[in-house]
Amino acid sequence: DAGVIQSPRHEVTEMGQEVTLRCKPISGHNSLFWYRQTMMRGLELLIYFNNNVPIDDSGMPEDRFSAKMPNASFSTLKIQPSEPRDSAVYFCASSPRQTTGELFFGEGSRLTVL
Amino acid sequence: GEDVEQSLFLSVREGDSSVINCTYTDSSSTYLYWYKQEPGAGLQLLTYIFSNMDMKQDQRLTVLLNKKDKHLSLRIADTQTGDSAIYFCAESMRMNTGFQKLVFGTGTRLLVSP
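Worth saying up front: this structure is predicted, and the values here are computed from it rather than measured.

Trainee: Where do I start with unusual backbone geometry in this structure?
Mentor: Keep in mind that most residues, glycine aside, have a negative phi and that most peptide bonds are trans. At the junction of S7(A) and P8(A), the peptide bond is cis and its omega measures out at -10° in the coordinates. With an omega dihedral of -5°, the bond running from Q80(A) to P81(A) counts as a cis peptide bond. Residue position: P81(A) is located in the loop between β8 (74-79) and β9 (88-95). One non-glycine residue, Q59(B), adopts positive backbone phi at about 55°. The residue Q59(B) is located in the loop between β6 (55-58) and β7 (61-66) in this model. A positive phi angle, close to 55°, is found at K70(B), a residue other than glycine. Looking at the secondary structure, you find K70(B) in the loop between β7 and β8 (71-76).

Trainee: So what exactly am I meant to see when it comes to the pattern of salt bridges here?
Mentor: For side chains of opposite charge, pairing can occur when their charged atoms come near one another. Evaluation of the coordinates by the stated rule reveals 12 salt bridges over all chains. Note that R9(A) and E107(A) form a salt bridge whose closest N and O atoms lie 2.9 Å from each other. With a gap of 98 residues between them, R9(A) in the loop between β1 (5-7) and β2 (10-13) and E107(A) in the loop between β10 (104-105) and β11 (109-113) connect regions that are remote in the sequence. With a relative accessible area of 33%, R9(A) lands in the partly exposed category. In this structure, the salt-bridge partner of R60(B) is D83(B), at a minimum N-O distance of 3.0 Å. In this pair, R60(B) is assigned in the loop between β6 and β7 and D83(B) in the loop between β8 and β9 (85-94), connecting sequence segments 23 residues apart.

Trainee: Help me understand the state of the cysteines, please; the structure alone is not making it clear to me.
Mentor: Covalent bonding between the sulfur atoms of two cysteines is what defines a disulfide. Counted according to the given criterion, the structure contains two disulfides over all chains. The disulfide partner of C23(A) is C92(A), and the S-S distance across this bridge is 1.9 Å. Looking down the S-S bond of the C23(A) and C92(A) bridge, the torsion is -65°, so its handedness is left-handed. With a gap of 69 residues between them, C23(A) in strand β3 (residues 19-24) and C92(A) in strand β9 connect regions that are remote in the sequence. The burial state of C23(A) is the same as that of C92(A); both residues are buried. Put simply, C22(B) and C89(B) are joined by a disulfide, and their sulfur atoms are 1.8 Å apart. Where C22(B) bonds to C89(B) through sulfur, the torsion about that S-S bond is close to 65°, and the disulfide is right-handed. Residue C22(B) is found in strand β3 (residues 18-23), and its partner C89(B) is found in strand β9; the two are separated by 67 residues along the sequence.

Trainee: Where do I start with the sheet that holds β8(B) in this structure?
Mentor: Note on sheets: strands pair through backbone hydrogen bonds, and any given pair is parallel or antiparallel. Residues and elements named next belong to chain B. With respect to topology, five strands assemble into an open sheet ordered β1-β3-β8-β7-β6, the strand pairing being antiparallel. Looking at the sheet topology across the chains shown, the edges are occupied by β1 (5-6) and β6. Summarising the sheet, β6 and β7 pair through four bridges and their orientation is antiparallel. By the bridge assignment, K56 is partnered in β7 with V63.

Rules and cut-offs
- Residues numbered from 1 in each chain as written.
- Chains lettered and ligands numbered in written order.
- Predicted model: local features only at pLDDT ≥ 70, side-chain atom pairs only at ≥ 80, totals over all residues.
- Heavy atoms only, no water.
- Helix = DSSP H or I, 4+ residues; strand = E, 2+ residues; numbered from the N terminus.
- Salt bridge = Lys/Arg side-chain N within 4 Å of Asp/Glu carboxyl O.
- Buried < 20%, exposed > 50% of the residue type's maximum accessible area, 1.4 Å probe, protein only.
- Disulfide = S-S within 2.5 Å.
- Pairing = 2+ DSSP bridges.

Here it is in structure tokens:
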């Protein structure tokens, strides 16, 4: 059974460029989460979807960030325009139920913005 | 507020026991979790404890919960070099939507030397 699949694993881009991170959750999981991990701030929840609908996006840092989940098997996190302070590891996680704290994480996308 | 605290670093010798401590803030948390993150990977759920329990044992892992002091600990018996990783505790906070939001601690880096 495949786990949560994220792409790309690594991305290096220049300030001002658009970045799109992709996630395929585990089949049958109806909750999907995007987290950001940095040394300074640790793990931060950016946005949470349940049944493809965004439920809580209060963690999205600013309007430059947007996330979509067009269907149950795919989600994107987009940063436009990117800035050096967006450099971080971005994790996608899925869960079989919205009332559980059991999350299954992908391997992460390491973003470096120069 | 949301503040889950852990010590940053723990070093032990192979075969010794490791104890990783955590303090959390939300006394209404239903579950408390321990996640493990190996280098270059996402977080993986290790174990969890229901808030009405004091202790939970799972093979080499023992979780102790002191609700009065809001203190959680993870003991790893017979620590192996493969246990070297970052360990995160997390508390669940129930939102109005019914969603269980996980608030992660800062993580404790465990280094096991031969």
